[in-house]
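Residue strings, one per chain:
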Amino acid sequence: MPFADDLLEQAYDLAQKEPANPKQASLRRAVSTAYYALFHLLIDEAVSKWAVERHRSILARTFEHSKMKGICDDVLKTVKSGGSVLPELNTVAHNFIQLQEHRHTADYDNSKQWSRTDVLNVLTLATDAFTAWRAISAQDAAQDYLLQLFLPKLSKQ
């Protein structure tokens, strides 16, 4: 099973770890892990296309969280302005941003008390993004999106 899938499975395991009275640590780690599952899914999809296998792990390290969020913001702005974007790509971009925000809350805001329901709703965002991605991953628009996630801004041709 690919690493990203393992992470998503682990997020669900953490969310269900304590049947009664789940620990905040388990719930918070589940949220954080769900974000990293999508983060690594997109990176793995991009670097798997690189011809020189020994370069893939180096290439994977070039992806930046804020850059990826910015590209996702661009996708959402395109949709908002009436531009054409695959609905599944919109889902991936939207859910990536939401998951990143939830991860920041889970990792850094100790005043937030997470319920299992809250966490399962977050995990659904990740699952929906995985499903949407897999539906479009071979399409040109999806491959262009992957390229944008780590390259400097490209001018439109």
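These remarks concern the structure in this document. Here the residue index of a chain counts from 1 through its sequence in written order. Reporting of local features is limited, given that this is a predicted model, to residues whose pLDDT is at least 70; pairs of side-chain atoms are given and counted only at 80 or more, and all residues count toward the totals for whole chains, interfaces and linings. Side-chain numbers here rest on the full set of heavy atoms in the structure, without hydrogens or water.

## Here's the deal with the packing of helix H1 (residues 3–15) against helix H6 (residues 116–136)
Argument step 1. At their nearest, the axes of H1 and H6 sit 10 Å apart, and the two run at 160 degrees to each other. Classified by the angle their axes make, H1 and H6 are roughly antiparallel. As H1 packs across H6, the resulting crossing turns out to be left-handed. Two secondary-structure elements touch here, H1 through Ala4, Asp5, Leu8, Ala11, Tyr12 and Ala15 and H6 through Arg116, Val119, Leu120, Leu123, Thr124, Ala126, Thr127, Phe130 and Arg134. Inter-axis angles, ranging from 0 to 180 degrees, are taken between N-to-C directions of lines fitted to C-alpha atoms, where helices are fitted over the stretch in contact. Numbering goes from the N terminus for both helices and strands, where a helix is a DSSP run of H or I of at least four residues and a strand is a run of E of at least two. Any angle that falls under 35 degrees is termed roughly parallel, while one over 145 is termed roughly antiparallel, one within 65 to 115 roughly perpendicular, and all others oblique. Two helices that cross are described as forming a left-handed crossing if the nearer one is turned anticlockwise from the farther one by less than a right angle, and a right-handed crossing if clockwise. The contact definition used throughout considers only heavy atoms, calling two residues in contact when any of these lie within 4.5 Å.

## Side note on H6
Argument step 1. An ideal rise of 1.5 Å per residue puts 30 Å on 21 residues; H6 measures up with 31 Å between its terminal C-alpha atoms.
Argument step 2. Buried means the residue's accessible area, taken with a 1.4 Å probe over protein chains only, is under 20% of the maximum for its type, while exposed means over 50%, and partly exposed covers the values in between. All of the buried residues in H6 are Arg116, Val119, Val122, Leu123, Leu125, Ala126, Ala129, Phe130, Ala132, Trp133 and Ile136.
Argument step 3. Looking at the buried positions of H6, the neighbouring elements they touch are H1, helix H2 (24–47), helix H5 (87–108) and helix H7 (140–150). Expected helix span is computed as 1.5 Å times (number of residues minus one).

## What to know about the packing of aromatic side chains
The geometry of an aromatic ring pair is captured by the separation of the ring centres together with the interplanar angle, meaning the angle of the planes.
Argument step 1. Within 6.5 Å between ring centres, the rings of Phe, Tyr and Trp (the latter by its six-membered ring) count as paired, and their orientation is classed by plane angle as stacked under 30 degrees, edge-to-face over 60, tilted in between. The full count for this structure, using the stated rule, is six aromatic pairs.
Argument step 2. Ring centres of Tyr36 and Phe39 lie 5.9 Å apart, and the angle between their planes is 85 degrees; this geometry places the pair in the edge-to-face category. Of the two residues, Tyr36 and Phe39 both sit in helix H2, three residues apart, roughly one turn of that helix.
Argument step 3. With a relative accessible area of 7%, Phe39 lands in the buried category.
Argument step 4. Linked through ring pairs, Tyr35, Tyr36, Phe39 and Phe96 together constitute an aromatic cluster.
Argument step 5. Above the plane of the ring of Trp114 lies Lys112, whose end atom (NZ or CZ) is 4.7 Å from the centre. Comment: the charge-over-ring label is applied if NZ (Lys) or CZ (Arg) is within 6 Å of the ring centre and within 35 degrees of the ring normal.

## Quick notes on the nonpolar core
Argument step 1. Working definition of a nonpolar core: buried Ala, Val, Leu, Ile, Met, Phe, Trp, Tyr and Cys residues. They are joined through side-chain atoms within 4.5 Å. Ranked by internal contacts, the top residues of the largest apolar core, which has 47 residues, are Leu42, Trp133 and Tyr145.
Argument step 2. Listed by contribution, the elements that provide at least two residues to this core are H1, H2, helix H4 (65–80), H5, H6 and H7.
Argument step 3. Counting residues per element, this core draws most heavily on H2, which supplies 13 residues.
Argument step 4. Setting aside its immediate chain neighbours within four residues, Tyr145 contacts Leu42, Ile71, Cys72, Val75, Leu89, Val92, Ala93 and Trp133.

## A word on the side chain of Arg103
Argument step 1. Examined against the element boundaries, Arg103 turns out to sit in helix H5.
Argument step 2. Look past the residues within four positions of Arg103 in its chain and what remains in contact with it is Val31, Ser32, Tyr35, Tyr36 and Tyr108.

## A closer look at the side chain of Asn95
Argument step 1. Turning to its location among the elements, Asn95 is positioned in helix H5.
Argument step 2. Identification of polar contacts relies on pairs of N or O atoms within 3.5 Å, with a donor-acceptor requirement for protein atoms, meaning one able to donate a hydrogen and the other able to accept it, and with residues adjacent in sequence counted only if both atoms are side-chain atoms. A distance of 3.1 Å separates the side chain of Asn95 from the side chain of His94, its partner in a polar contact.

## Considering the pattern of salt bridges
Argument step 1. Between Lys or Arg on one side and Asp or Glu on the other, a salt bridge is scored when a side-chain nitrogen of the former is within 4 Å of a carboxyl oxygen of the latter. Enumeration over the complete set of coordinates arrives at five salt bridges.
Argument step 2. Close ionic contact of Asp118 with Lys112 constitutes a salt bridge, the shortest N to O distance being 3.6 Å.
Argument step 3. A relative accessible area of 27% means that Lys112 is categorised as partly exposed.
Argument step 4. Shared partners join several salt bridges into a network, and the residues in it are Arg29, Arg103 and Asp107.

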